[in-house]
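For reference, the chains in residue letters:
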Amino acid sequence: MKLGFLSIDIGTILFTLCNTLILFLALKHFLFAPVQKILSERKAAVDQTLADAEDARSRAEAAETEYNEKLANAKEESAEMLRTATRRAQQRSDEIVAQAREEAAGIMQQNRDELERERRRAASALRSEISGLAVAAAEKVVEREINQADHERLIDEFIDSVGDVQ
Amino acid sequence: MAIPEFLQGPSELDVSGPKVITSFKLFGLTINFTETVVLEWIVMAIIIGLVIFLTRNLRVRNISKRQAVAEMAVEAISNLVRDTMGKRFLSFTPYIATIFCFSIFGSLISLLGLRAVTSDFSVLLTWAAITFILITATKIRFGGVGGYLKGFADPIPVMLPINILSEVATPTAMALRHFGNIAGGSIIMGLVYYGLTALCHMIRLQIPILTVGIPAVLSLYFDLFSDFMQAFIFIMLTMVFISNAGPADDAAEA
Amino acid sequence: MEIPEAIVLAGSAVGAGLAMIAGVGPGIGEGYAVGKACEAIARQPEASGAVTRTMFVGCAVAESTGIYGLIIALLLIFLKPFT
């Protein structure tokens, strides 16, 4: 027995209703639930990865900033140290040079004083020797009993010669 | 020379409905257990088997091709539902997918030489009735029973009969459209086979060789294209009607 | 009143033919819709997906009148409901 071409059959309707319901539940249970679970899990994983990457990036940025800062500080410090050292060295060398100059000047002054003293001593020694000689010459003159004129001439000559020495 | 009967081709055009395998009485109603129900079970077995095959060994990483297909299907149908109905109706996705798969496989089963499930008007009427119930439920959900009943007298009470008629016409038209396309296509294909067989007999060919390749071209349209289109249109109309039953401020939300 | 079967069959066949006049409307309408869809795609090729989808759904809806005619014609020819 066959139904008509455009027949409406209660039995078929009821069975189809049940079948559609069963297929709906089956699809929901076997396809949509697991696949959507996987999809949401993947989404969570991707979000997590992205968040991690973002975190790592910000941390790297912070580290880089810190590093740059430290580098700049170190440079500054070294430059400062260099400057200080240079200044100190300059100061020291200046000091040394000044001291050396001073010392040299002192030594030269000393030498000059010594020289002067020496000259004075020599001059005084010479003078005393000359007086002795003059006395001796006078004795001799006295012994020979020379005249007044000779006497005076001799003394004058002598003094002139001594004055030349001075 | 005796030619086996199955090679002789159709001797007459068969345009009857599904065979009744058995029938029984329940609460005074004659319940027919027809060929269509058996075919539905076959279709369901195919779909469920396919789904279980596709969703075996689901993983988050390193997915297999099967899983990619399953995910793609789920995403595609979800996107279609979201684009057509808006986000708040996303829970309808499994139902839409059910109707779509059932309709497509139920129509394509005719390629195996079986009777298409969707060429039984009762089946389509059932799906249309489910859609009708969903439309009504959505209207009541968003407008309350009072709002639903008041909708019939909109815009003026005189329109009451026309509104009732249009309410009933919606699912009927959906069912008839799908049924007409599939059943009409199958009848046209039957006519083609019948005509080609008659032509072969006319030119004294015992075996209808002409029916081997020529109908395939027509079958491309009447079976494949038409089946897909009708399934798609059925779910599109279902989605549009259901989402129209809700308030109209959907676009702002989506 | 007894009507000869031949007249009923002839009437059914003629009725089926007349019913298929319903195919004219969808033909014109769908042609118009497809033409407009072509224009729309030419103007906005990036919207071709949405346009095509909408066009197919619209065509299917427009085709339903033709399908009703086809069903009536098939009923009249093959099921001969009045004999």
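About the criteria used
- Residues numbered from 1 in each chain as written.
- Chains lettered and ligands numbered in written order.
- Predicted model: local features only at pLDDT ≥ 70, side-chain atom pairs only at ≥ 80, totals over all residues.
- Heavy atoms only, no water.
- Helix = DSSP H or I, 4+ residues; strand = E, 2+ residues; numbered from the N terminus.
- Expected span 1.5 Å × (residues − 1).
- Buried < 20%, exposed > 50% of the residue type's maximum accessible area, 1.4 Å probe, protein only.
- Arc of directions from axis to C-beta.
- Contact = heavy atoms within 4.5 Å.
- Phe/Tyr/Trp six-rings, centres within 6.5 Å; stacked < 30°, edge-to-face > 60°.
- Salt bridge = Lys/Arg side-chain N within 4 Å of Asp/Glu carboxyl O.
- Polar contact = N/O pair within 3.5 Å; in protein donor to acceptor, adjacent residues only side chain to side chain.
- Axes fitted to C-alpha atoms, helices over the stretch in contact; angles between N-to-C directions.
- Parallel < 35°, antiparallel > 145°, perpendicular 65-115°, else oblique.
- Left-handed = near helix turned anticlockwise from the far one by under 90°.
- Nonpolar A, V, L, I, M, F, W, Y, C, P; charged D, E, K, R; others polar.

Enquirer: Looking at this structure, I do not really get helix 2 (residues 24-43) of chain C. What am I missing?
Expert: One turn of the α-helix equals 3.6 residues, which is why residues spaced by three or four share an orientation. Residue and element names in this part refer to chain C. With 20 residues, helix 2 extends 29 Å from end C-alpha to end C-alpha; this agrees with the ideal 28 Å at 1.5 Å per step. All of the buried residues along helix 2 are Pro-26, Glu-30 and Ala-37. The buried residues of helix 2 occupy one face: seen down the axis, they fall within an arc of 25°. Seen from the open side of helix 2, the exposed residues pointing more than 90 degrees away from its buried face are Ile-28, Tyr-32, Ala-42 and Arg-43. Residues of helix 2 that are buried make contact with helix 3 (48-79).

Enquirer: Got a minute to help me understand the packing of aromatic side chains in this structure?
Expert: The relative placement of two aromatic rings is captured by the distance of their centres and the angle of their planes. All names here are of chain B. The tally for this structure, following the rule as stated, stands at eight aromatic pairs over all chains. When the centroid spacing of 6.0 Å and the interplanar angle of 70° are considered together, the rings of Phe-89 and Phe-142 count as edge-to-face. Taken together, the residues span a long stretch of sequence, with Phe-89 in the loop between helix 2 (65-85) and helix 3 (93-108) and Phe-142 in helix 4 (residues 121-151) at a distance of 53 residues. Under the relative-accessibility criterion, Phe-89 is labelled buried at 0%. Judged by centre distance (5.3 Å) and plane angle (65°), the rings of Phe-121 and Phe-179 are edge-to-face. Taken together, the positions of Phe-121 in helix 4 and Phe-179 in helix 5 (residues 160-202) put the pair 58 residues apart, joining distant regions of the chain. With relative accessibility at 0%, the residue Phe-179 sits in the buried group.

Enquirer: Help me out: how do you make sense of the environment of C:Ala22 in this one?
Expert: Residues and elements named next belong to chain C. Take Ala-22: it is sitting in the loop between helix 1 (5-19) and helix 2. For the pair Ala-22 and Leu-75, spaced 53 residues apart in sequence, the C-alpha to C-alpha distance is 15 Å. Apart from the residues lying within four places of it in its own chain, the contact partners of Ala-22 are Thr-65, Gly-66 and Gly-69.

Enquirer: Before we go on, may I ask you to explain the interface of chain B and chain C in this structure?
Expert: The parts lose accessible area when they come together, and the size of an interface is often stated as this lost area. Taken together, the contacts link 19 residues of chain B with 14 residues of chain C. At the boundary of chain B and chain C, one finds zero salt bridges. Linking chain B with chain C are zero residue pairs in polar contact (both at pLDDT 80 or more), by the criterion used here. Where the side of chain B that touches chain C is concerned, the elements lending two or more residues are helix 2, helix 5 and helix 6 (214-245) of chain B. The element contributing the most residues to the side of chain B that touches chain C is helix 5 of chain B, with nine residues.

Enquirer: Even after reading the chapter, I still don't get the packing of helix 1 (residues 35-54) of chain B against helix 3 of chain B, so can you show me in this structure?
Expert: Two quantities define a packed helix pair, namely the angle between the axes and the distance from one axis to the other. Residues and elements named next belong to chain B. Where helix 1 contacts helix 3, the two axes come as close as 10 Å, and the packing angle between them is 120°. Compared by their axis directions, helix 1 and helix 3 come out oblique. With respect to the hand of their crossing, helix 1 and helix 3 are arranged in right-handed fashion. Across the interface between the two elements, Glu-40, Val-43, Met-44, Ile-46, Ile-47 and Leu-50 from helix 1 touch Cys-101, Phe-102, Phe-105 and Gly-106 from helix 3. When grouped by side-chain class, the residues that make up the contact of helix 1 with helix 3 number eight nonpolar, one polar and one charged.

Enquirer: Explain the pattern of salt bridges to me, please; I cannot follow it from the model alone.
Expert: A pair can form between side chains of opposite charge whenever their charged atoms are brought close. Per the counting criterion, the structure on display carries 16 salt bridges over all chains. For B:Glu71, the salt bridge goes to A:Arg42, with nearest N and O atoms at 3.0 Å. With B:Glu71 in helix 2 and A:Arg42 in helix 1 (residues 10-144), the pair connects residues from two separate chains. Taking the shortest distance from any N to any O, the salt bridge between A:Arg92 and A:Glu95 comes out at 3.3 Å. Placement of the pair is A:Arg92 and A:Glu95 together in helix 1, with a separation of three residues, close to one helical turn. The exposure class of A:Glu95 is partly exposed, given its relative accessible area of 45%.

Scope: geometric values only; no functional claims are made or implied.
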